[in-house]
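The residues making up each chain are set out below.
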Amino acid sequence: MSGKDYVEKDYYKVLGVPKDASATEIKKTYRKLAREFHPDANTGDAKAEERFKDISEAYDVLSDEKRRKEYDEARSLFANGGFRTGGPGTGSYSFDFGDLFSGGQGGGGGGLGDVFGGLFNRGGPRQAQPRRGADVETEVTLSFEEAVDGATVPLRMTSQAPCRLCNGTGAKSGTTPRVCPTCVGAGTVSRGQGAFALSEPCKDCRGRGMIVDDPCPDCHGSGRASSARTMQVRIPAGVQADQRIRLKGKGAQGERGGQPGDLYVTVHVDPHPVFGRKGDNLTVTVPVTFPEATLGATIEVPTLNGPAVKLKLPPGSANGLTMRARGKGATRKDGTRGDLLVTVEVVVPQHVTGDALNALEQYREATASDDPRAALFRAAKGA
């Protein structure tokens, strides 16, 4: 993407958010649009793929606070007819275009790193620097067991990469770009400004240093194209629901020998019909009978992907009592495991007949003088 394309594209309009949208609003809108237009959900739909590419490009810039600020200022400067060297009431205007995207989170395409590389460099034009690839964001849904024990999952991603047809030159096959005669390949030209020499992007090549007379039909002269790839990604054991994992160097390819970006994976976890989770501990609710809760018992408790364990239920156990099976929980980062928290649920039979009914009647008569609500009424009366 050329510098002109960059400043002329309205990324806010692409995402459908106002210019004062918060970072949370931008992220929420991007995720909604990315799910809607992802190539996996629109197989063979070229328009959806192009829309997904534009959405990803816009989010790459607007999701980064520094890059968003520089993008807003750059668009404002171009909208006003060029660059200003004096701010209102200050006598000077400082804008570090030299750092824009260089060594930072590069977006897809040719960006402003080439355009503004030597804007205020008095020592001469800057050479094109290696540019780090864009960060890529995706989502994956794991089963409960996979989240606890870890899993290797395939992820299909679409990101910007050098155009394969033209090898990143931007020129049609069989042709080559020519050096811009105005800036002689520097991408910037200098003009006098009082005692200073001010460098600004070359208007003829838009800061690229090269002119493409016959553009590549795939990338339209930008040298970048949308690239889809599938990679196997290891999700570590013990990952939490909605956790965001950073995989260094697994994002989009860099330019001119720059390092690749990072891959950020947001993990969603399907619920389990039996087990729940609290941090590194798993939870399970186990029903027990009234005699077991009253007299005590040794009960069997299921574990996740392992043999059952036996726990000793103490006599007089109340409904909601929680016991602990150590080392039967989720895997921690250091390889150890959390615990299994077992909550007791006393089951009351719905139908009692025969000897069981007679026994309960006798029990009720034997404990008639023991009123479990006496303390409640005393407290209510303030006694």
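Counting restarts for each chain, with residues numbered from 1 along the sequence as it is written. In keeping with the model being predicted, local features are shown solely for residues with a pLDDT of at least 70 and side-chain atom pairs are shown and tallied solely at 80 or more, while totals for entire chains, interfaces and linings include all residues. Side-chain metrics in this entry use all non-hydrogen atoms of the structure; hydrogen atoms and water are not considered.

Engineer: Help me understand the overall build of the chain in this model?
Structural biologist: In DSSP terms, a helix is any run of H or I states spanning at least four residues, a strand is any run of E spanning at least two, and both are numbered starting from the N terminus. A tally of regular secondary structure across the chain gives 9 helices and 15 strands. In the chain, which comprises 383 residues, the proportion classed as buried is 40%. Residue contacts are defined here by distance: any two heavy atoms, one from each residue, within 4.5 Å place the two residues in contact. Once local pairs closer than 6 in sequence are excluded, the contacts in the chain between residues at least 24 apart make up 64%. Using the Shrake-Rupley algorithm and a 1.4 Å probe, accessible areas are obtained, with residue cover drawn only from the displayed protein chains. Carbon and sulfur atoms form 50% of the exposed surface of the chain, whose accessible area is close to 21,600 Å². Whether a residue is buried, partly exposed or exposed follows from its accessible area with a 1.4 Å probe, protein chains only, as a fraction of its type maximum: under 20%, in between, or over 50%, in that order.

Engineer: Can you walk me through a nonpolar patch on the surface in this structure?
Structural biologist: A cluster of nonpolar residues, Val 179, Val 184 and Met 210, forms a patch on the protein surface that exposes about 260 Å² of accessible area. On the secondary structure map, Met 210 appears in strand β6 (residues 210-211). What goes into a patch is any residue over 30% in relative accessible area without a salt bridge, connected to like charges within 9 Å or, for nonpolar side chains (Val, Leu, Ile, Met, Phe, Trp, Tyr), within 5 Å. By salt bridge we mean one thing: a side-chain nitrogen of Lys or Arg within 4 Å of a carboxyl oxygen of Asp or Glu.

Engineer: Would you take a moment to explain the sheet that holds strand β15 (residues 340-346) for this structure?
Structural biologist: Strand-to-strand pairing in sheets goes through backbone hydrogen bonds, with the strands running parallel or antiparallel. At least two bridges found by DSSP between two strands are what make those strands a pair. With mixed pairing, the 4 strands of this open sheet are ordered in space as β10-β11-β15-β14. The sheet is open, and its two edges are formed by β10 (276-278) and β14 (322-325), each paired on a single side. Put simply, the sheet's adjacent strands are angled 35° from each other on average, direction ignored. As defined by bridge partners, strand β11 (residues 281-288) adjoins β15 across 7 bridges and the pair is classed as parallel. Within β15, the position partnered with Val 284 by the bridge is Val 342. Here an axis means a line fitted to C-alpha atoms, over the contact stretch when the element is a helix, while the angle between two N-to-C directions is reported on a 0 to 180 degree scale.

Engineer: Could you clarify how one ought to interpret the packing of aromatic side chains in this entry?
Structural biologist: Ring pairs shown here join Phe, Tyr and Trp side chains whose ring centres sit within 6.5 Å, with only the six-membered ring taken for Trp; geometry is labelled stacked below 30 degrees between planes, edge-to-face above 60, and tilted in between. Applying the stated criterion across every chain yields a total of 4 aromatic pairs. Geometrically, the ring pair formed by Tyr 30 and Tyr 59 is stacked, given 3.9 Å between the ring centres and 5° between the ring planes. Of the two residues, Tyr 30 sits in helix α3 (residues 23-37) while Tyr 59 sits in helix α4 (residues 46-62), which places them 29 residues apart along the sequence. Site record: aromatic cluster; members linked through ring pairs are Tyr 11, Tyr 12 and Tyr 71. Directly above the aromatic system of Phe 37 lies the positively charged group of Arg 51, at a separation of 5.2 Å from the ring centroid. Each ring is checked for a lysine NZ or an arginine CZ that lies within 6 Å of its centre and within 35 degrees of its normal; such an atom marks a charge sitting over the ring.

Engineer: Mind showing me how you'd approach the sheet that holds strand β9 (residues 263-269) here?
Structural biologist: Reading across from one edge, β1-β9-β8 is the order of the 3 strands in this open sheet, with mixed pairing throughout. The open sheet is flanked by β1 (136-142) and β8 (244-247), the only strands paired with a single partner. Taking the axes of each pair of neighbouring strands and ignoring which way they run, one obtains an average angle of 30° across the sheet. Bridging between β1 and β9 involves 7 bridges; their strand directions are parallel. In the sheet register, Val 136 faces β9, and the bridge partner there is Leu 263. Against the sheet, α3 engages β1, β8 and β9, with an angle of about 70° to β1.

Engineer: What is the right way to look at the state of the cysteines in this model?
Structural biologist: By definition, a disulfide links two cysteine residues through a covalent bond between their sulfur atoms. The disulfide definition used here is simple: a pair of cysteine sulfur atoms within 2.5 Å. With the rule as written, the count across this model stands at 0 disulfides. Free of any disulfide, Cys 202 has its nearest cysteine sulfur in Cys 180, 3.7 Å distant. Between Cys 219, a cysteine without a disulfide, and Cys 166, which holds the nearest cysteine sulfur, the sulfur-to-sulfur distance is 3.7 Å. For Cys 219, a relative accessible area of 6% puts it in the buried group.

Engineer: I keep staring at the pairing of strand β13 (residues 306-313) and nothing clicks. Help me out?
Structural biologist: The two faces of a sheet get side chains in turn, since along a regular strand they alternate between them. Where strand β12 (residues 297-303) lies against β13, 6 bridges are found, and the strand directions are antiparallel. In the strand pairing of β13, Val 301 is matched with Val 309. Where β12 hands over to β13, the hairpin turn is made up of 2 residues, of which Asn 305 adopts a positive phi near 60°.

Engineer: Help me understand the pattern of salt bridges, please; the structure alone is not making it clear to me.
Structural biologist: Any two side chains of opposite charge can pair, so long as their charged atoms come close to each other. Within this structure, the stated rule accounts for 12 salt bridges. A salt bridge links Glu 139 to Arg 31, with the shortest nitrogen-to-oxygen separation between them at 3.8 Å. Here the residue Glu 139 occupies a position in strand β1, and Arg 31 occupies one in helix α3, the gap between them amounting to 108 residues. Relative accessible area serves as the criterion here: at 21%, Arg 31 is assigned to the partly exposed category.

Engineer: Could you clarify how one ought to interpret α4 in this entry?
Structural biologist: Because an α-helix completes one turn every 3.6 residues, residues spaced three or four positions apart along the sequence face the same direction. Over its 17 residues, α4 extends 24 Å from the first C-alpha to the last, a length consistent with the 24 Å expected when each residue adds 1.5 Å. Restricting attention to buried positions, one finds in α4 the residues Ala 48, Phe 52, Lys 53, Ile 55, Ser 56, Glu 57, Ala 58, Tyr 59, Asp 60, Val 61 and Leu 62. Of the residues flanking the start of α4, the one acting as N-cap is Asp 45, its side-chain oxygen 3.2 Å from the backbone nitrogen of Lys 47. Take the residue count of a helix, subtract one, and multiply by 1.5 Å to get its expected span. Under this definition, polar contacts are N or O atom pairs within 3.5 Å; protein pairs additionally need one hydrogen-donor-capable and one acceptor-capable atom, and for neighbouring residues in sequence, both atoms have to be side-chain atoms.

Engineer: In this structure, what is going on with unusual backbone geometry? I would like to understand it.
Structural biologist: In most cases, non-glycine residues show a negative phi, while peptide bonds are predominantly trans. The residue Asp 242 is not glycine, and still its phi comes out positive at about 70°. Structurally, Asp 242 can be placed in the loop between β7 (224-235) and β8. One non-glycine residue with positive phi stands out, namely Asn 305, at about 60°. The residue Asn 305 is located in the loop between β12 and β13 in this model. Overall, the relative accessible area of 55% leaves Asn 305 in the exposed class.

Engineer: Help me out: how do you make sense of the nonpolar core in this one?
Structural biologist: Burial of nonpolar side chains together is a common tendency in soluble globular proteins. The term nonpolar core refers to a set of buried residues drawn from Ala, Val, Leu, Ile, Met, Phe, Trp, Tyr and Cys, joined through side-chain atoms within 4.5 Å. Among the nonpolar cores identified, the biggest contains 21 residues, and Leu 282, Val 284, Ile 299, Val 301, Leu 311, Leu 340 and Val 342 are the most heavily contacted of them. Of all the secondary structure elements, the ones that give two or more residues to this core are α6 (144-149), β11, β12, β13, β14 and β15. The leading source of residues in this core is β11, at 4 residues. The contact partners of Leu 340, leaving out residues within four places of it in the chain, are Phe 275, Leu 282, Thr 283, Val 284, Val 301, Pro 302, Thr 303, Met 323, Arg 324, Ala 325, Lys 328 and Gly 329.

Engineer: How should the environment of Val 61 be read in this particular structure?
Structural biologist: With respect to the helices, strands and loops of the structure, Val 61 is situated in helix α4. Relative accessible area serves as the criterion here: at 2%, Val 61 is assigned to the buried category. Measuring from C-alpha to C-alpha, the distance between Val 61 and Ala 134 comes to 9.5 Å, with 73 residues separating the pair along the chain.

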